[in-house]
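Secondary and tertiary structure notes
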Amino acid sequence: MSVVPAETSYVLFFQVLFPFVVAGLGMVFAGLVLSIVVTWPLFEEIPEILILVPALLGLKGNLEMTLASRLSTLANLGHMDSSKQRKDVIIANLALVQVQATVVAFLASAFAAALAFIPSGEIDWAHGALMCASSLATACSASLVLSLLMVVVIVTSRKYNINPDNVATPIAASLGDLTTLSVLAFFGTVFLKAHNTESWLNGVVIVVFLLLLPFWIKVANENEGTRETLYNGWTPVIMSMLISSAGGFILENAVRKYHSLSTYGPVLNGVGGNLAAVQASRLSTYFHKAATIGELPNAWTIHRFTSFTRAFFSKEWDSRSARVLLLLVVPGHICFNVLIQLFTYTSKDNITPHGALFTSLYMIAAIIQVMVLLYVCQFLVSLLWKMKIDPDNSVIPYLTALGDLLGTGLLFIVFLTTDYFDPDELLAPKH
């Protein structure tokens with residue numbers, strides 16, 4: 001029996017299209033929310049909290065999209081068909097996500113405080129406690145909601161014979177940014193008031209979340225599948241958090257110069273990471289079906305995956321998938337950018353650029369970003385598989401973090417280039 005994904009390019013296109021559009025809408029709204037909340041007292045008083053934004057948004061790649069990829073593979077292998085199997089797998093995976101969210105949020109806030117120290121030369125411990133409390137509350141609550149949603153999507157997809165690999169990761173991406181940003185703005189504002197009146201409250205919040213950690217570890221440790229990730233799955237999660245935080249450092253400085261950049265950031269970053277995650281999830285499922293971990297299918301070597309031509313222009317199924325996903329980039333971004341213009345048309349505070357030069361540069365940046373991510377994706381899945389590391393747990397965090405860093409950096413270059421050649425295009429107020 002062939003283990004190559006059975007769907008044709010057309011089926012793949014239409015299965016990915018709906019969640020891709022839903023994901024894009026979620027990212028458009030996330031960009032609009034970010035452009036509004038950066039003017040709130042929270043971000044005005046504590047600008048370094050912007051460094052946290054890509055790291056916390058990146059949690060959807062670290063946790064929810066990785067969870068979606070893991071559960072999709074288990075569903076496709078028939079390991080979630082009985083109600084007892086589903087219950088055991090779901091409870092253990094929800095506990096694992098809470099462990100990861102707590103640890104990553106704590107480290108992200110510490111790293112953000114360290115990055116904020118670089119230009120000023122001093123650490124504000126009260127600001128650090130506020131960032132840590134906001135980060136923990138945001139990561140744990142948003143991850144719980146999104147993880148439950150992933151479970152529903154995957155079980156439903158399996159029931160209706162839709163490949164969850166094509167659907168689950170884009171939906172995680174769509175609601176991840178919007179949910180996380182909204183929750184961060186809410187908790188950050190609440191904790192800012194506490195910071196000004198009841199300064200002890202932030203410390204209590206941090207302690208409560210850290211005290212819950214041993215309980216989540218115990219639950220996750222009881223399942224064989226999650227136990228492996230609990231002990232050995234930290235490198236990609238922490239490394240991707242550091243990469244995303246570097247993107248956050250760029251974002252903090254870029255938004256000071258170009259306020260409207262905050263509107264486009266989540267869209268450009270999200271679309272790239274989203275498409276790469278679909279490819280990663282599909283490749284990972286194929287490797288699980290076709291070979292034993294540590295051995296590449298069909299006696300392939302790693303060298304096979306270094307070829308750019310093979311990755312995009314060959315007749316192989318994964319190359320065809322990459323072309324289908326690339327086809328979505330330009331029309332997708334045109335639609336999303338039109339929506340951004342419609343939603344910001346009446347706003348005097350957030351005028352977004354939309355001229356021919358900006359749009360052309362933006363589309364070039366989007367294509368470069370997605371091509372780099374899809375190329376890295378197929379190489380990384382095969383490399384990690386050869387190294388006996390399950391790509392379901394490792395690849396998507398790296399891809400979404402790289403998408404954040406690449407996207408934010410390329411977007412800043414697009415704004416700088418547009419400002420140089422056509423300064424009238426960037427009319428948005430500068431901070």
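As recorded in an unreviewed UniProt entry, the chain goes by SLC41A/MgtE integral membrane domain-containing protein and comes from Caenorhabditis briggsae. Quoted verbatim from the Subcellular location (unreviewed entry) heading of the UniProt record, the comment on the chain is "Membrane".

Some points on the nonpolar core
By size, the foremost hydrophobic cluster in this structure holds 119 residues, and its most contacted members are V53 and L261. Leave out the neighbours within four places in its chain, and L261 touches L251, A254, V255, L411, F412 and F415. Counting residues in each nonpolar core, the second largest holds 7 residues, with A95, V99, L213 and A220 among its members.

Let's talk about the packing of helix α1 (residues 9-37) against helix α13 (residues 317-327)
When two helices pack together, their arrangement is given by the angle between the helix axes and the distance between those axes. Direction vectors running N to C along α1 and α13 enclose 45°, while the axes themselves pass 10 Å from each other. Considered as vectors, α1 and α13 are oriented oblique to each other. By crossing handedness, the relation of α1 to α13 is classed as right-handed. Where α1 approaches α13, its residues S9, L12, F13 and V16 are matched on the opposing element by R320, S321, V324 and L325. When grouped by side-chain class, the residues that make up the contact of α1 with α13 number 5 nonpolar, 2 polar and 1 charged.

Some remarks on the pattern of salt bridges
Following the criterion strictly, the structure yields 6 salt bridges and no others. Between D88 and K84 there is a salt bridge, with the nearest N and O atoms lying 2.7 Å from each other. Within this pair, D88 and its partner K84 are both found in helix α5 (residues 83-120), separated by 4 residues, close to a single helical turn. Judged by its relative accessible area of 35%, D88 falls in the partly exposed class.

Points about a nonpolar patch on the surface
Together, V21, L25, F29 and F343 make up a nonpolar patch on the protein surface, roughly 310 Å² of accessible area in all. At 3 residues, α1 tops the list of elements feeding residues into the nonpolar patch. Considering the arrangement of structural elements, one finds V21 in helix α1.

Re helix α14 (residues 329-344)
In a regular helix each residue adds 1.5 Å, so 16 residues correspond to 22 Å; α14 covers 22 Å between its end C-alpha atoms and thus fits that length. Among all positions in α14, only V329, G332, H333, F336, N337, I340, Q341 and T344 are buried. Buried residues in α14 make contact with α1, α11 (261-290), α13 and α15 (356-386).

Each value, and the rule that gives it
- Residues numbered from 1 in each chain as written.
- Predicted model: local features only at pLDDT ≥ 70, side-chain atom pairs only at ≥ 80, totals over all residues.
- Heavy atoms only, no water.
- UniProt positions renumbered as here; feature names shortened; annotations may be inferred.
- Core = buried A, V, L, I, M, F, W, Y, C linked by side-chain atoms within 4.5 Å.
- Buried < 20%, exposed > 50% of the residue type's maximum accessible area, 1.4 Å probe, protein only.
- Contact = heavy atoms within 4.5 Å.
- Axes fitted to C-alpha atoms, helices over the stretch in contact; angles between N-to-C directions.
- Helix = DSSP H or I, 4+ residues; strand = E, 2+ residues; numbered from the N terminus.
- Parallel < 35°, antiparallel > 145°, perpendicular 65-115°, else oblique.
- Left-handed = near helix turned anticlockwise from the far one by under 90°.
- Nonpolar A, V, L, I, M, F, W, Y, C, P; charged D, E, K, R; others polar.
- Salt bridge = Lys/Arg side-chain N within 4 Å of Asp/Glu carboxyl O.
- Patch = residues over 30% accessible without salt bridge, like charges linked within 9 Å, V, L, I, M, F, W, Y side chains within 5 Å.
- Areas by Shrake-Rupley, 256 points an atom, 1.4 Å probe, with all protein chains shown as cover.
- Expected span 1.5 Å × (residues − 1).

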